[in-house]
Amino acid sequence: MSLGPFRSLRSVSYRIWAAGALVSNIGAWVQRTAQDWLVLTQLTHHNASAVGETMALQLGPQLLLLPWTGVAADRFNQRKMLMLTQATMGGLSLALGLLTVTGVVTLWQVYAFAFLFGSVAAFDAPARQVFVAELVDDEDLHNAVALNSTSFNAARMIGPAVSGLVIAWLGTGWAFVGNGLSFIAVLASLAFLRASELRQATRTRIARSGFMEGLRYVGGRPDLKAILIMLALIGTFGLNFPIFISTMAVGVFHVDAGGYGLLSSIMAIGAMAGALLGASRDKPSFTSLLSGSALFGAGCALAAIAPDYWLFAACLVVIGGASLTFTTTTNSLMQLSTTPAMRGRVMALRVGVALGGTPVGAPIIGWLADHCGPRWALGIGALSGFLASIVAMRARTGQPPDPRSGSASERARTDKITIRDER
């Protein structure tokens, strides 16, 4: 069996899914870049707080809807859920594009669309992450997760540069329209998948206390709790790249939309390298979490003191690689060490903690960038990485957890639930 970084592509189903996801991811990054640029330069006068508020509204539903998103991913057919969520997000992108192209868009409308888009994405994210387990065997799951990150960051490298060109040549609204059309690719890939070839997990009839059951499961797992604490730190104060990059580009280095898009693409080079490195590993580990979070902190610290555009860009390569090493490892560790009946709820908690902290962190980081300068905002990002590495060091010194599904009592309880529901 090949142990290369692309071994998951042996699966026909995974290849079809990955092709559609790549096109859609490029469109998503085109829209993200355009949305930040629209708010920062067209609807406000370089107001970083407004960018932070937009991010908060778009990512807040990940935490707000947490009691339902993971339960839905565990209970319903993930393929059908994804077709619904992807189609809805495509429609929202087209609607925002129409408002922008016609010149009637306002800041409150961008806020409203950000919240609607985030609400749909809250249901999409855990279903999409768990759906990968239906496409590949467990032995290839870590590799498939890492390749998903590679695809995502290939799109991050291409999308912002494309967005900068589209904004310069056609206008911001057409970037939204392009993203809306890109959802056709992922919908087509989902339609072409053969249901008989998917490794469908057992669907359980989850009681009203299903979310609380997921919390109790995580509460009995010190390793999962440590990962969530690290995600909370870096997700809240570190993964605010739209604010970091846009404010440094405009406020410190005084570049145009093309220069801003280039910075995002340069960071994606490091992210792709980090994702490919993760794909080449056989198994994820807490050592990778420790190195990723520490390197993230160091990269943000160096970026905060970078004297010119190109040195700042070089620091973004480090930040991109470190952030992907960290986030990919958290994804793989949590999926591989969680019993299948709980994966949707556990992954929803992961997404909710990683992204749900942004409604708190993004406005703070935006305010800090406005009143103290972008370099101080990056300093807070650096601190989050260093604190997360301390959590990882403490977790490594603890007793190694059961690598599959927690304690024996937890496994027995989950098995009883599954057997009862199968009957």
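Keep in mind that what you see is a predicted model, and the values were worked out from it rather than measured.

Cut-offs and rules
- Residues numbered from 1 in each chain as written.
- Predicted model: local features only at pLDDT ≥ 70, side-chain atom pairs only at ≥ 80, totals over all residues.
- Heavy atoms only, no water.
- UniProt positions renumbered as here; feature names shortened; annotations may be inferred.
- Helix = DSSP H or I, 4+ residues; strand = E, 2+ residues; numbered from the N terminus.
- Core = buried A, V, L, I, M, F, W, Y, C linked by side-chain atoms within 4.5 Å.
- Buried < 20%, exposed > 50% of the residue type's maximum accessible area, 1.4 Å probe, protein only.
- Domains from an automatic or database assignment.
- Salt bridge = Lys/Arg side-chain N within 4 Å of Asp/Glu carboxyl O.
- Axes fitted to C-alpha atoms, helices over the stretch in contact; angles between N-to-C directions.
- Parallel < 35°, antiparallel > 145°, perpendicular 65-115°, else oblique.
- Left-handed = near helix turned anticlockwise from the far one by under 90°.
- Nonpolar A, V, L, I, M, F, W, Y, C, P; charged D, E, K, R; others polar.

**Notes on the UniProt feature "transmembrane region" (unreviewed entry) in the protein chain**
As recorded in UniProt, the sites labelled "transmembrane region" (unreviewed entry) are residues 94-117, 166-193, 226-253, 259-279, 286-305, 311-334, 346-369 and 375-395. Its end C-alpha atoms 12 Å apart, residues 94-117 is made of 79% helix and 0% strand. For the annotated span residues 226-253, helix accounts for 86% and strand for 0% of the residues, and the straight-line distance between the end C-alpha atoms is 38 Å.

**Side note on the nonpolar core**
Within the largest apolar cluster, 107 residues are counted, with the highest numbers of intra-cluster contacts made by Tyr14, Trp17, Phe131, Leu135, Leu263, Phe312 and Ile319. With 12 residues, the single largest contributor to this core is helix α5 (residues 107-135). Summarising the domain contributions, this core has at least three residues from each of domain 1 (9-198) and domain 2 (210-399).

**With respect to unusual backbone geometry**
Look at His46: it is not a glycine, yet its phi comes out positive at around 55°. Looking at the secondary structure, you find His46 in the loop between α1 (12-42) and α2 (48-64). The exposure class of His46 is partly exposed, given its relative accessible area of 41%. The phi dihedral of His254 is positive, around 55°, even though this residue is not glycine.

**Let's talk about the pattern of salt bridges**
Side chains carrying opposite charge are able to pair once their charged atoms draw close together. Counted according to the given criterion, the structure contains 3 salt bridges. In this structure, the salt-bridge partner of Arg221 is Asp223, at a minimum N-O distance of 2.8 Å. Both residues of the pair, Arg221 and Asp223, belong to the buried class.

**Side note on the packing of helix α4 (residues 78-101) against α5**
Direction vectors running N to C along α4 and α5 enclose 155°, while the axes themselves pass 9 Å from each other. As far as their axial angle goes, α5 and α4 are roughly antiparallel. When you trace α4 past α5, the crossing you get is left-handed. Its residues placed into classes, the contact of α4 with α5 shows 16 nonpolar, 6 polar and 4 charged.

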